[in-house]
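# Structural overview
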2 protein chains.
Amino acid sequence: MEQHKKIIVVGGSAAGPKAAARARRMDEQAEITLFQQSPDMSMASCGYPYYVGGFFQDRNELLGSPGSVRDTAYFWNAKKIRTHVRTQVLSIDRKRRQVEYLHLDTGERGTAPYDKLVIATGAVPRKPPVPGVDLAGVTTLQSMQDADFLRKVRDEGKIRKAVVIGGGLIGIETCEALHLAGIQITLIELLPQLLTFLDNQMARLVEQYVQTKANVILGNGVAAFLGDKGHLTGVRLQNGAEIPCELAVIAIGVAPNAHLAKESGLALGPTGGILVNEFMQTSDPDIYAVGDCVESHHLVSGLPVHAPLGDLANLQGRVAGENVIKGNVARFPGTLQTGICKVFDYGVGSTGLSQQAALRAGITDLETVVNVGPDKPGFMKGRRLITKLVVEKSSGRILGAQVLGPGDVGKQVAIWAIAIKGKLTVDDMAGADLPYAPPFSLAIDHSIATAHIMQNKLRGYFRGISAGEFREALKSHKPMVLLDVRNPEEYEQMRLGVGERLIPLGQLRARMDELPQEKNVSIVLWCQVSLRGYEAARILLASGYTNVLVLEGGLAAWPFAREK
Amino acid sequence: MEQHKKIIVVGGSAAGPKAAARARRMDEQAEITLFQQSPDMSMASCGYPYYVGGFFQDRNELLGSPGSVRDTAYFWNAKKIRTHVRTQVLSIDRKRRQVEYLHLDTGERGTAPYDKLVIATGAVPRKPPVPGVDLAGVTTLQSMQDADFLRKVRDEGKIRKAVVIGGGLIGIETCEALHLAGIQITLIELLPQLLTFLDNQMARLVEQYVQTKANVILGNGVAAFLGDKGHLTGVRLQNGAEIPCELAVIAIGVAPNAHLAKESGLALGPTGGILVNEFMQTSDPDIYAVGDCVESHHLVSGLPVHAPLGDLANLQGRVAGENVIKGNVARFPGTLQTGICKVFDYGVGSTGLSQQAALRAGITDLETVVNVGPDKPGFMKGRRLITKLVVEKSSGRILGAQVLGPGDVGKQVAIWAIAIKGKLTVDDMAGADLPYAPPFSLAIDHSIATAHIMQNKLRGYFRGISAGEFREALKSHKPMVLLDVRNPEEYEQMRLGVGERLIPLGQLRARMDELPQEKNVSIVLWCQVSLRGYEAARILLASGYTNVLVLEGGLAAWPFAREK
């Protein structure tokens, strides 16, 4: 009689259960056992901020599939998977192919043999190495228990002031959750910008928006958590400032929890994550690893990255679950580090490489544009989208896109993610056939319009200047002619006020004599979003001006102070 | 001195103005003239149903770019384009390269010379060749004047009953618009299904939903419009039934308005549209044609198609506008016939080939799946999506997708449209890296989950049966074991009632003895959406049953009557 395969999965959050369930569907006879250190399993951990923020009331919604909480009984009855919660796997004996485990409540120890092992030990939140980090009131939002604690804070309604430490995805989501709980927030980020997956101009636009909801402090870290009788009373910053608060949430990122793998002699990568091949197999062919504990491969840069994202955890779990049974038949291709977050009423997302990330990866053959436009026609209540597109200049191949705004960001990021996956170029996207009807998009979808602007730029029809470059040029008092080509009413409402002159596009041809005769003078021009700016640039170029620059994204994407 | 290029554009709706504006940006000196038969220009004609339906109040919103209605003054001031409205181009003298035109109001005729000509004469609504079609109260929704008329109907609120003839995109959008105006609707379609770009099962699901808002009659055409004193009083159907109504909107499709091109001796294609190459150039190299009057090339089937869609008109206009100035540098690659429409609270969209369209194109190497799932987690108020995916079986290449439901259909269709554009396979999509956070999607996006199901099918992990095939099998009294694997509460609420037995998935392993011993018996099983059905199938296959079929899309995508 055939021996049944023994599969052990270490970790029961996202990737582990997925691997176990997939393995079960591949082999009804396999003996599948899952060890989980925490009391819960299959937690929708990305949903924690929305539970804390009151989007829904029942914590079990984070633990459920239709009709049932995913507990030990569920896993046994529906999937014939044996699960041990509150059980830590202490070590892996690779020679004997067995794990040693410890029941955390009973203290009981045991060993369990495997034919194939899947490590899904997740990630651990980083904590700043400063005094007071263990005070009551200092927490992370990483575990179900953290979520329970912060939800209790919301429900009790006693806490007035909180500090969120870290301006990444989780930090910003936590800001929103606590803001919705009626708590006054200070957000602290050590780096000079929020959301480091965004380029600076884009991050500044997010920051301007978040400032309307929370006090944002950049370029400053926590020096100490201050307390009284074991309870948090405030946070001292590195610059000496003290911020009184009763709650502090640390969200400065996570590190791969690769301890068990490392102790077992498995190879780790330069990011500290477990090294795996495209089959999710570690340096030991009988051991696979999936989820936040592994190192991934970036599909555009080719570089190793740590990408602790729930969707990738699921995809990797599915691949490993198939491969432990079928042999290496399924592949995880790598990541674009596609991410998105809700920032109050904005969506903010990114896929592929930002300009910063491309430069860090040594890619300099770059062109970028910033495009601003609505997601739908104005008559259908279109909402603004701002996209920064990054392409390989020589080939036009799309390398990355960042999108933000109150508009339909999820769709835009999805479009670019698939475009990068398909190795599409700007020309491909310029002729894309996307679903159009007024309730869903513009006749020329925002993504296609972005490709059109890029195509114009690559074909030399105009040159752009980024907001950052323009600000530098202004600071250095470089001689420039500055031109705002909007209407007087728009100018009265809002303007840069940097010495520009106003010549509405419709009057430009008739008022060319107001411009200097010298044709090689530097001209920078803009409108609200840059469409009229582009048309004006074409007119000036046709008149012989050789040095005409359009401010990318116009006033709508200007991330610095304005006169008005 | 250089002679300025003379560009004439015939048609001022969507593609024509786009071509003219693009040509202007390519050449500031060109003399660009646009002739438009109707009094309006640059109409957002896809927005007519939403104006009629009361989504917004000001008709000028259909004619505007930010801040200004696109009239003759606008085109001259902003774009230096001379426009002649209410002016018909009567003929093209290709030898002399000039057009003859007629001012419809003054009766004045003239000629205008061109170096390059762009034909953008659009499409004309088809009308059924039956008596009474000219009665007052019989209209189309094709022109701004039609929209004005129907909006007046809404605002006056006198009409109680209307018949909409044609169950395509425009017909269904018109249904919604009139329904919102408080009018009782009967929708008549000559063919046996609505929305012929959908496969039958998907179309039936739309029909079931539309039936809750309007009376839908399929497989029946109009025999006559009935009237009294010149006013519509009813519609007689081909089966003799009479439907009293005061308003009838004809929406049985459009035909390319290729009259001018044909009279000028330009080649037309088999669809009746003007034949153009990828540069949008007709059989006369000095004449380009764009928009609803041209024939396009289907990117998947390679077949000629007439694709009268507003987004394509804009893309084609942009290409032609560049090429008339720069020579043939820009390309329009062809179409996936991507389309979407709002059907009350549903979105319904499609891209690439349906199964029906693939078969019509002679493509038989096909596999399909139907997937049902939410667009977001339940705790974020996810809404249902139903997707039918069509792939090339041998290669896994994606050929087409149809998506419908209250969920985020626009994003799903966009994802598939780009995937097809990039020639992605099911394996590519199964490992796609899409933006995930609970406010935006599931951890495994609906599109990726659909690819996973298809991957399982292509790898032989399960076999499916479509709703249509299953109904046929039931009708023919084929011996089958029928198994519903949901919970008893779900069964009580809703069930097929075709003789199935209920064995919840969690009990299946323990109750295998209730199934026949004969291992080659046909078993058809299902659940709500087919996930549990798939797991059940894996269990049965592992027990040696060889003939196990999962009902695709489960009860959620069952388009026929149920017991309950």
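Residues numbered from 1 in each chain as written. Chains lettered and ligands numbered in written order. Predicted model: local features only at pLDDT ≥ 70, side-chain atom pairs only at ≥ 80, totals over all residues.

## Considerations on helix H1 (residues 15-26) of chain A
- The end-to-end C-alpha separation of H1 of chain A is 16 Å, in line with the 16 Å expected for twelve residues at 1.5 Å each.
- The buried count for H1 of chain A comes to twelve of twelve residues, which makes it a mostly enclosed element.
- Check the buried side of H1 of chain A and you find it contacts strand S1 (6-10), strand S2 (31-35), helix H3 (72-79), strand S9 (116-119) and helix H8 (310-326) of chain A together with helix H16 (531-542) of chain B. (Helix = DSSP H or I, 4+ residues; strand = E, 2+ residues; numbered from the N terminus. Expected span 1.5 Å × (residues − 1). Buried ≥ 20, exposed ≤ 12 C-beta atoms within 10 Å, placed from the backbone. Contact = placed C-beta atoms within 7 Å.)

## Structural notes on the nonpolar core
- By size, the foremost hydrophobic cluster in this structure holds 373 residues, and its most contacted members are Ala248 of chain A together with Ala248 of chain B.
- Ala248 of chain A has contacts with Gly137, Val138, Ala162, Val163, Ile165, Phe225, Leu232 and Val235 of chain A, leaving out every residue within four places of it along the chain. (Core = buried A, V, L, I, M, F, W, Y, C linked by C-beta atoms within 7 Å.)

## Section: unusual backbone geometry
Residues and elements named next belong to chain A.
- Its identity as a non-glycine residue notwithstanding, Ser42 has a phi of 50°, on the positive side.
- Its location among the elements puts Ser42 in the loop between S2 and helix H2 (48-52).
- Look at His477: it is not a glycine, yet its phi comes out positive at around 55°.
- With respect to the helices, strands and loops of the structure, His477 is situated in the loop between helix H13 (467-475) and strand S29 (481-484).

## Some details on the sheet that holds strand S8 (residues 109-113) of chain B
All names here are of chain B.
- Across the sheet, three strands lie side by side as S6-S7-S8; this open sheet has antiparallel pairing. With one partner strand each, in any of the chains shown, strand S6 (87-93) and S8 form the two edges of the open sheet. On average, each strand axis in the sheet is inclined to that of its neighbour by 25°, with strand direction left out of account. (Pairing = 2+ DSSP bridges. Axes fitted to C-alpha atoms, helices over the stretch in contact; angles between N-to-C directions.)

## Re the environment of Val413 of chain B
- Position of Val413 of chain B relative to the elements: it lies in helix H10 (residues 409-421).
- Taking the number of C-beta atoms within 10 Å as the measure of exposure, Val413 of chain B has 30 and is therefore buried.
- In this structure, the C-alpha to C-alpha distance between Val413 of chain B and Ile340 of chain B, residues 73 residues apart in sequence, is 8.1 Å.
- Discounting chain neighbours no more than four positions away, the residues touching Val413 of chain B are Pro435 of chain A together with Thr338, Ile340, Gly349, Ser350, Thr351, Ala401 and Val403 of chain B.

## Remarks on the interface of chain B and chain A
- Each partner contributes to the interface: chain B provides 73 residues, whereas chain A provides 73 residues.
- Listing elements by their share of the side of chain B that touches chain A, those giving two or more residues are helix H3 (72-79), helix H8 (310-326), strand S23 (339-343), strand S24 (346-352), H10, helix H15 (505-508) and H16 of chain B.
- Classifying every residue of the side of chain B that touches chain A gives 39 nonpolar, 19 polar and 15 charged. (Nonpolar A, V, L, I, M, F, W, Y, C, P; charged D, E, K, R; others polar.)

## Quick notes on the packing of H1 of chain A against H8 of chain A
Residues and elements named next belong to chain A.
- Contact geometry of H1 with H8 gives a least axis separation of 7 Å together with a crossing angle of 35°. Read as a crossing pair, H1 and H8 show a hand that is right-handed. Together, Ala15, Gly16, Lys18, Ala19, Ala20, Ala21, Arg22, Ala23 and Met26 of H1 and Ala313, Asn314, Gln316, Gly317, Arg318, Ala320, Gly321, Glu322, Val324, Ile325 and Lys326 of H8 make up the contact between the two elements.
- Along the lines of polarity and charge, the residues of the contact of H1 with H8 split into ten nonpolar, five polar and five charged. (Left-handed = near helix turned anticlockwise from the far one by under 90°.)

## A few points about the relation of the copies chain B and chain A
- Rotating chain B by 180° about the axis while translating it 0.0 Å along that axis superimposes it on chain A, leaving an RMSD of 0.0 Å. Given the turn and translation reported, the copies of this chain are related as if by a two-fold rotation axis.
- The fraction of interface residues of chain B whose copies in chain A are also interface residues reaches 100%, indicating that both copies meet through the same surface. (Least-squares fit on C-alpha atoms with pLDDT ≥ 70 in both.)

## Considerations on the domain arrangement of chain A
Residue and element names in this part refer to chain A.
- Each assigned domain of chain A is listed here: domain 1 (6-124 + 255-326), domain 2 (138-251), domain 3 (339-458) and domain 4 (463-557).
- Once you take the C-alpha centre of each, domain 3 and domain 4 turn out to be 24 Å apart.
- The partner domain 4 presents eight residues to the eight residues of domain 3 that form the contact.
- Elements with a contribution of two residues or more to the side of domain 3 that touches domain 4: strand S25 (366-374) and strand S26 (384-392).
- Element by element, the count of residues in the side of domain 3 that touches domain 4 is highest for S25, at five residues. (Domains from an automatic or database assignment.)

## Points about the pairing of strand S27 (residues 398-405) of chain A
Residue and element names in this part refer to chain A.
- Taking burial as the measure, the eight residues of S27 include eight buried ones, the bulk of the element.
- Sheet analysis places strand S24 (residues 346-352) next to S27, joined by six bridges and oriented antiparallel. Residue pairing in the sheet places Ser350 in a bridge with Gln402 of S27.
- Bridge count between S26 and S27: six bridges; the pairing is antiparallel. Within S27, the position partnered with Val391 by the bridge is Ile398.
- Between S26 and S27, which pair antiparallel one after the other, the connecting turn spans five residues, and Gly396 there sits at a positive phi close to 75°.

## Notes on the sheet that holds strand S12 (residues 161-165) of chain A
All names here are of chain A.
- The parallel open sheet is built from five strands, whose spatial order is S11-S18-S12-S13-S14. Looking along the sheet, the strands with just one partner apiece sit at the ends: strand S11 (138-140) and strand S14 (215-218). The mean inter-strand angle of the sheet, taken between neighbouring strand axes irrespective of direction, is 20°.
- With four bridges connecting them, S12 and strand S18 (residues 247-250) associate as parallel partners.

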